Amino acid sequence: MQAAKQTLDAASSAVCGSRNEDYGSPNDDFATQAAMISAYLSRSNGYTVQVTAGDIAALMVCVKLARQAHRPKQDNWIDVAGYAACGAECNAKAE
């Protein structure tokens, strides 16, 4: 389980370290993205679409999995773990 521990440690360092300094809290950053994407999708579809900060985290996991399917890299797994942690943070704030 050494690879699993290294992956989780790297994700933890990224999410709990410089990420907040670089982008703000995951909830604030993803909420901003969610508002922008909600506005775009609502306008382009002609009906209200509500995207949440948790949705953004889930969608970013999808992006990383698509990249992993194209070209496997350890960094994708680190990012998946990091986005999962950010999603958990967003859901905790929403409750």
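Just so it is clear, the structure is predicted and the values come from calculations on it, not from any experiment.

Asks: It is not clear to me how the side chain of Gln-68 should be interpreted in this structure. Could you clarify?
Replies: Take Gln-68: it is sitting in helix H4 (residues 53-70). A polar contact is formed between the side chain of Gln-68 and the backbone nitrogen of Lys-73, at a distance of 3.0 Å.

Asks: For this particular structure, what's the right way to read the nonpolar core?
Replies: Side chains of nonpolar character tend, in soluble globular proteins, to be buried together. In this structure, Val-15, Phe-30, Ala-34, Val-49, Val-51, Ala-53, Ile-56, Ala-57, Cys-86 and Cys-90 together form the largest nonpolar core, which totals ten residues. Mapped onto this core, the elements with two or more residues apiece are helix H3 (26-45), H4 and helix H5 (74-94). Counting residues per element, this core draws most heavily on H4, which supplies three residues. With sequence-adjacent residues up to four places away left out, Ala-53 is seen in contact with Asn-27, Phe-30, Ala-31, Ala-34 and Cys-90.

Asks: Mind showing me how you'd approach the packing of helix H1 (residues 2-16) against H5 here?
Replies: For any two helices packed against each other, the geometry comes down to the angle between their axes and how far apart the axes lie. Relative orientation of the contacting elements H1 and H5 amounts to 55 degrees, with a least axis distance of 8 Å. Judged by the inter-axis angle, H1 sits oblique to H5. H1 and H5 meet at a crossing whose hand is right-handed. Only Gln-74, Trp-77, Ile-78, Ala-81, Gly-82, Ala-85 and Cys-86 of H5 make contact with H1, whose side of the interface consists of Ala-3, Thr-7, Leu-8, Ala-10, Ala-11 and Val-15. For the contact of H1 with H5, a count of residues per class yields ten nonpolar, three polar and no charged.

Asks: Got a minute to help me understand the pattern of salt bridges in this structure?
Replies: In this structure the tally under the stated criterion is two salt bridges. Note that Asp-9 and Lys-5 form a salt bridge whose closest N and O atoms lie 2.8 Å from each other. Here Asp-9 and its partner Lys-5 are both found in helix H1, four residues apart, which amounts to about one turn of the helix. Residue Lys-5 is classed as partly exposed on the basis of its relative accessible area, which comes to 48%. Residue Lys-64 pairs with Asp-79 through a salt bridge whose shortest N-O separation is 2.7 Å. Taken together, the positions of Lys-64 in helix H4 and Asp-79 in helix H5 put the pair 15 residues apart, joining distant regions of the chain.

Quick notes on the rules
Residues numbered from 1 in each chain as written. Predicted model: local features only at pLDDT ≥ 70, side-chain atom pairs only at ≥ 80, totals over all residues. Heavy atoms only, no water. Helix = DSSP H or I, 4+ residues; strand = E, 2+ residues; numbered from the N terminus. Polar contact = N/O pair within 3.5 Å; in protein donor to acceptor, adjacent residues only side chain to side chain. Core = buried A, V, L, I, M, F, W, Y, C linked by side-chain atoms within 4.5 Å. Buried < 20%, exposed > 50% of the residue type's maximum accessible area, 1.4 Å probe, protein only. Contact = heavy atoms within 4.5 Å. Axes fitted to C-alpha atoms, helices over the stretch in contact; angles between N-to-C directions. Parallel < 35°, antiparallel > 145°, perpendicular 65-115°, else oblique. Left-handed = near helix turned anticlockwise from the far one by under 90°. Nonpolar A, V, L, I, M, F, W, Y, C, P; charged D, E, K, R; others polar. Salt bridge = Lys/Arg side-chain N within 4 Å of Asp/Glu carboxyl O.

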